[in-house]
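Given next are the chains, with one letter for each unit.
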2 protein chains.
Amino acid sequence: MIESAAIIGLGLIGGSVARDLAARGVRVFAWDRDLASVRAAVDEGLAHPLAAGLDGLPEVDAIVIAVPVLAAGDVLRAIAHGRRDVRLITDVGSTKRSIVHLAESLGLGARFVGSHPLAGDHRSGWTASRQGLFEDARIFLTPTAATEPDAMHLACEMWMGLGGRPEVTDPDLHDVQLAWTSHLPQVVSTALALAIQQTGTPRSTLGAGGRDVTRLAGSSPEMWADILVDNADEVGSALAAMSSYLSAIGDAVASGDRDGLRELWAAANQWHAEHP
Amino acid sequence: MIESAAIIGLGLIGGSVARDLAARGVRVFAWDRDLASVRAAVDEGLAHPLAAGLDGLPEVDAIVIAVPVLAAGDVLRAIAHGRRDVRLITDVGSTKRSIVHLAESLGLGARFVGSHPLAGDHRSGWTASRQGLFEDARIFLTPTAATEPDAMHLACEMWMGLGGRPEVTDPDLHDVQLAWTSHLPQVVSTALALAIQQTGTPRSTLGAGGRDVTRLAGSSPEMWADILVDNADEVGSALAAMSSYLSAIGDAVASGDRDGLRELWAAANQWHAEHP
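Residues numbered from 1 in each chain as written. Chains lettered and ligands numbered in written order. Predicted model: local features only at pLDDT ≥ 70, side-chain atom pairs only at ≥ 80, totals over all residues. Heavy atoms only, no water.

## A short note on the pattern of salt bridges
On inspection of all chains with the given rule, the structure shows 22 salt bridges over all chains. Measuring nitrogen to oxygen at the nearest pair gives 2.9 Å for the salt bridge that ties Asp 150 of chain A to Arg 87 of chain A. Note that Asp 150 of chain A is positioned in helix α5 (residues 149-161) and Arg 87 of chain A in the loop between α3 (69-80) and β5 (88-91), a separation of 63 residues in sequence. Residue Asp 150 of chain A is classed as partly exposed on the basis of its relative accessible area of 32%. One network of salt bridges, with partners in common, ties together Asp 212 and Arg 215 of chain A together with Asp 212 and Arg 215 of chain B. (Salt bridge = Lys/Arg side-chain N within 4 Å of Asp/Glu carboxyl O. Helix = DSSP H or I, 4+ residues; strand = E, 2+ residues; numbered from the N terminus. Buried < 20%, exposed > 50% of the residue type's maximum accessible area, 1.4 Å probe, protein only.)

See below:
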């Protein structure tokens, strides 16, 4: 049972974790590079400020790193030199391979479990955070090679307490899968927005379908630059496949190949129908 | 005021037009290559069957062609040789240039107005049709060079009676704009679905964002093969722009250019924020 936690980063995910833990009676300490977010959390009675920053972490059961993926590595390095009595160190990043391997190489493997809550949307920041964000959300948990049962147990318990559904998976496999199910859709939605934007066409002229496809174009630049660079190889493979399907469709359109187009659409229909 | 209408094609759009017109007391005649749809419409008391097909069209105020875009040309040719006492001939296709020019060349320009209701979603067919589909929907109306005021008036009156908001526009301009706001999103969503599908990843493993971006992959193969081929040049230009943004993002990812990625995402954010 977690009785105290330090939340590093009060964005959509970190802020929502802070709100949920505080609501369950956990003593929450919070830090963010944006002092206004910390002040807001303190003013709402949700958290105590970490006045001395990462160097002055109090004794807590768990540390939750909720900053963009590449910055999470810096936080992990900073706390590796500090308190070692913490029972659980976790993060909430959308990539898991590099942070898990870093935790291992820093000697934090026993108490580290990577977390990736499949929650949130294109909104970001403290003002988007809310209680109940993880209700019924899938939470990928990626242990290190050395994670101890106590840390794993605490991670499961924490996320289940927040309403999430933990699924333990391998960090490398996680990053391969997410390249297709999350990172590629994000890139595609953003590239589409940019292509439409350069014609001077406002988003308000799109129909409901076009708005759906471009919805992720509202996502955080900081967060996504980090995720994509951290998962560059897998994202590159996914992008190559996407480009090749776009080319195939473009060729069929240019040559008036209606049969070919119908076959491609029928295949996409079949995939869509499995979970409409 | 339209008192009678023939609806050719009882899919999502044609079926919904038939339902709405019948509900307003208009005498509706219906035809579809799928006799089961006609029978369903007749059984529901919404329409009378066109027993003799297009050759035996009764005297009606308006003919609404609601079949896929390229088939609409065949229907227009068939009725050009038949009754010429109809006051309004319109279609509901997603491309307008070719059908408007065909109407002109068939000598039907005076009574033809192209229509494109921006309604419906990825579902299709009579079973998806419903009353009220056009409530508050934008309806693009594209006259020919020779459309007479009576035909234009009837078209506006008909769509407004169905709850739509008519906007008169040029058919060529319409097809250029829709290539970006509708046809490109459709192609992108389908290509993304195909790219994910070939990895064996089911749609159920996607988060809410990925499901949004792939939603249009459930759209009708027949309808979209026709639309894309009919608007091939404009769709080709849009696809080229899309591919070039995907390449730019791919290059930035491969070289670890986080600043470049943040700039691209920030630009997409700005466009998205105009109509979030």
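## Let's talk about the packing of helix α10 (residues 258-273) of chain A against helix α8 (residues 221-230) of chain B
As a packed pair, α10 of chain A and α8 of chain B sit with axes 8 Å apart at the nearest point and diverge in direction by 135°. In terms of orientation, α10 of chain A lies oblique with respect to α8 of chain B. Along this stretch, α10 of chain A crosses α8 of chain B, giving a crossing that reads as right-handed. Packed against α10 of chain A, whose contacting residues are Arg 258, Leu 261, Arg 262, Trp 265, Ala 266 and Asn 269 of chain A, the element α8 of chain B presents Pro 221, Glu 222, Trp 224, Ala 225, Asp 226, Leu 228 and Val 229 of chain B at the interface. (Axes fitted to C-alpha atoms, helices over the stretch in contact; angles between N-to-C directions. Parallel < 35°, antiparallel > 145°, perpendicular 65-115°, else oblique. Left-handed = near helix turned anticlockwise from the far one by under 90°. Contact = heavy atoms within 4.5 Å.)

## Brief notes about the confidence of the model for chain A
Per-residue confidence for chain A gives a mean pLDDT of 95, with 99% of residues at or over 70. This complex was scored by the predictor with a pTM of 0.92 and an ipTM of 0.93. (pLDDT = per-residue confidence, 0-100.)

## With respect to the pairing of strand β2 (residues 27-31) of chain B
Residue and element names in this part refer to chain B. As paired elements, strand β1 (residues 4-8) and β2 share five bridges and run parallel to each other. Within β2, the position partnered with Ile 8 by the bridge is Trp 31. Once the chain exits β1 it traverses helix α1 (residues 12-23) before rejoining the sheet at β2, and the crossover so formed is right-handed. Both β2 and strand β3 (residues 48-49) contribute to a ladder of two bridges, which runs parallel. Following the sheet pairing, Ala 30 is matched in β3 by Pro 49. (Pairing = 2+ DSSP bridges. Right-handed = clockwise from strand over helix to strand, strands pointing away.)

## Focus: helix α6 (residues 171-197) of chain B
An α-helical turn contains 3.6 residues, so any two residues separated by three or four positions project in the same direction. All names here are of chain B. Over its 27 residues, α6 extends 36 Å from the first C-alpha to the last, a length consistent with the 39 Å expected when each residue adds 1.5 Å. For α6, the tally of buried residues reaches 22 of 27 residues, placing the bulk of the element in the interior. The N-cap of α6, judged by a side-chain oxygen 3.1 Å from the amide nitrogen of Asp 172 a few residues on, is Asp 170. (Expected span 1.5 Å × (residues − 1). Polar contact = N/O pair within 3.5 Å; in protein donor to acceptor, adjacent residues only side chain to side chain.)

## Remarks on the relation of the copies chain A and chain B
Superposing chain A onto chain B requires a rotation of 180° together with a translation of 0.0 Å along the rotation axis, leaving an RMSD of 0.0 Å. The superposition of one copy onto the other is thereby described by a two-fold rotation axis. Ranked by how close their C-alpha atoms come to the rotation axis, the residues of chain A are headed by Val 213 of chain A, at 2.0 Å. Interface overlap between copies: 100% of the residues of chain A at the interface are likewise at the interface in chain B, consistent with a symmetric, same-surface contact. (Least-squares fit on C-alpha atoms with pLDDT ≥ 70 in both.)

## Looking at the packing of aromatic side chains
Under the criterion given, the structure shown has two aromatic pairs over all chains. A cation over a ring is seen here: Arg 19 of chain B above Trp 126 of chain B, with NZ or CZ 4.3 Å from the ring centre. (Phe/Tyr/Trp six-rings, centres within 6.5 Å; stacked < 30°, edge-to-face > 60°. Lys NZ or Arg CZ within 6 Å of the ring centre and 35° of its normal.)

## With respect to unusual backbone geometry
Comment: phi is negative for the bulk of residues other than glycine, and the bulk of peptide bonds are trans. Positive phi outside glycine occurs at Asp 136 of chain A, with the angle close to 65°. By the secondary structure assignment, Asp 136 of chain A is in the loop between β6 (112-117) and β7 (138-143).

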